[in-house]
Structures are given as structure tokens and as C-alpha cells.
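# Fold and geometry: a report
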Amino acid sequence: FAPSLNLSIQEFAAEAIAADAKWYATHGIRSIFMEHDFSASPSFELNCFLMGQFYRNPDTDLEKLLDVYCRIFGEKGAPKMREAVDLIRKAMEEDD
């Protein structure tokens, strides 16, 4: 059975999204239907961006995608935005 995203309202799911997309591709799953309502999550747009990118190409580099996202949505604040993303990822890793 495929891994699930099992997102909480505050969860940043970059690593889970990347892993799920690779799992689907490895198992020959070419399309999925997803329905969710996490629009109140602070990482909603980022998670949607990552899902769209990874489900198109599961071999995409996560770090590069995070840089692209921060440049597009953070504009001049992209470096600070990327620092915040990395801080969140580190805190989640330490929490595991």
C-alpha cells in the first residue's frame, strides 16, 4: 500500500511528497486522485507546488525545487524564505 501524506494542519510535507511520488512511479502508478482541504495550512501553496512538480517528474531534486519555489514566491525575500524553510525542516527532523 502506498505511503500516505497524513498531513496535519501545520505540517510541511516536502520529504513525504517526494517519497510518495517516487513510490508511485516505481510501482507503475501513472495517475492518482487526491482530495484535501488543507488550505488553512501555512505550507498549503508549497505542498501543492511540490506535488505538481514531483508527480510530473519524481526524480526532481527537492533542494532545487525549494529554491525555485522561494525565488518565485519570495522574490527579493527568497534567501530569507529559504532559511525559514530549512529551519522548519530541521525542527521537524529533530522532533522525529
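Before reading further, recall that the structure is shown in the block above.
Attention here is on the structure that accompanies the text. Worth saying up front: this structure is predicted, and the values here are computed from it rather than measured.

Parameters at a glance
Residues numbered from 1 in each chain as written. Predicted model: local features only at pLDDT ≥ 70, side-chain atom pairs only at ≥ 80, totals over all residues. Heavy atoms only, no water. Patch = residues over 30% accessible without salt bridge, like charges linked within 9 Å, V, L, I, M, F, W, Y side chains within 5 Å. Areas by Shrake-Rupley, 256 points an atom, 1.4 Å probe, with all protein chains shown as cover. Salt bridge = Lys/Arg side-chain N within 4 Å of Asp/Glu carboxyl O. Helix = DSSP H or I, 4+ residues; strand = E, 2+ residues; numbered from the N terminus. Axes fitted to C-alpha atoms, helices over the stretch in contact; angles between N-to-C directions. Parallel < 35°, antiparallel > 145°, perpendicular 65-115°, else oblique. Left-handed = near helix turned anticlockwise from the far one by under 90°. Contact = heavy atoms within 4.5 Å. Nonpolar A, V, L, I, M, F, W, Y, C, P; charged D, E, K, R; others polar. Expected span 1.5 Å × (residues − 1). Buried < 20%, exposed > 50% of the residue type's maximum accessible area, 1.4 Å probe, protein only.

What follows covers a nonpolar patch on the surface. Together, Ile29, Ile32 and Met34 give the surface a local cluster of nonpolar side chains, amounting to about 210 Å² of exposed area. Within the secondary structure layout, isoleucine 32 lies in the loop between α1 (14-26) and α2 (44-56).

In this section: the packing of α2 against helix α3 (residues 62-74). The geometry of α2 relative to α3 is characterised by a closest axis approach of 11 Å and an angle of 130° between their N-to-C directions. Taken as axis vectors, α2 and α3 run oblique relative to one another. In this structure, α2 meets α3 at a crossing whose hand is right-handed. Two secondary-structure elements touch here, α2 through Glu45, Leu46, Phe49, Leu50, Gln53 and Phe54 and α3 through Leu62, Leu65, Leu66, Val68 and Tyr69. Its residues assigned to classes, the contact of α2 with α3 comprises nine nonpolar, one polar and one charged.

Here we come to α2. Between its first and last C-alpha, α2 extends 18 Å over 13 residues, near the 18 Å set by a 1.5 Å rise per residue. Three or more residues of α2 are buried, namely Leu46, Asn47, Phe49, Leu50, Met51 and Phe54. Packing partners of the buried residues in α2 comprise α1 and α3.

At a minimum axis separation of 9 Å, α1 and α2 run at an interaxial angle of 25°. Here α2 runs roughly parallel to α1, going by the angle between their axes. Once α1 is placed against α2, the crossing between them reads as right-handed. Contacts between α1 and α2 involve Ala14, Ile17, Ala18, Asp20, Ala21 and Tyr24 on the former and, on the latter, Asn47, Leu50, Met51, Phe54 and Tyr55.

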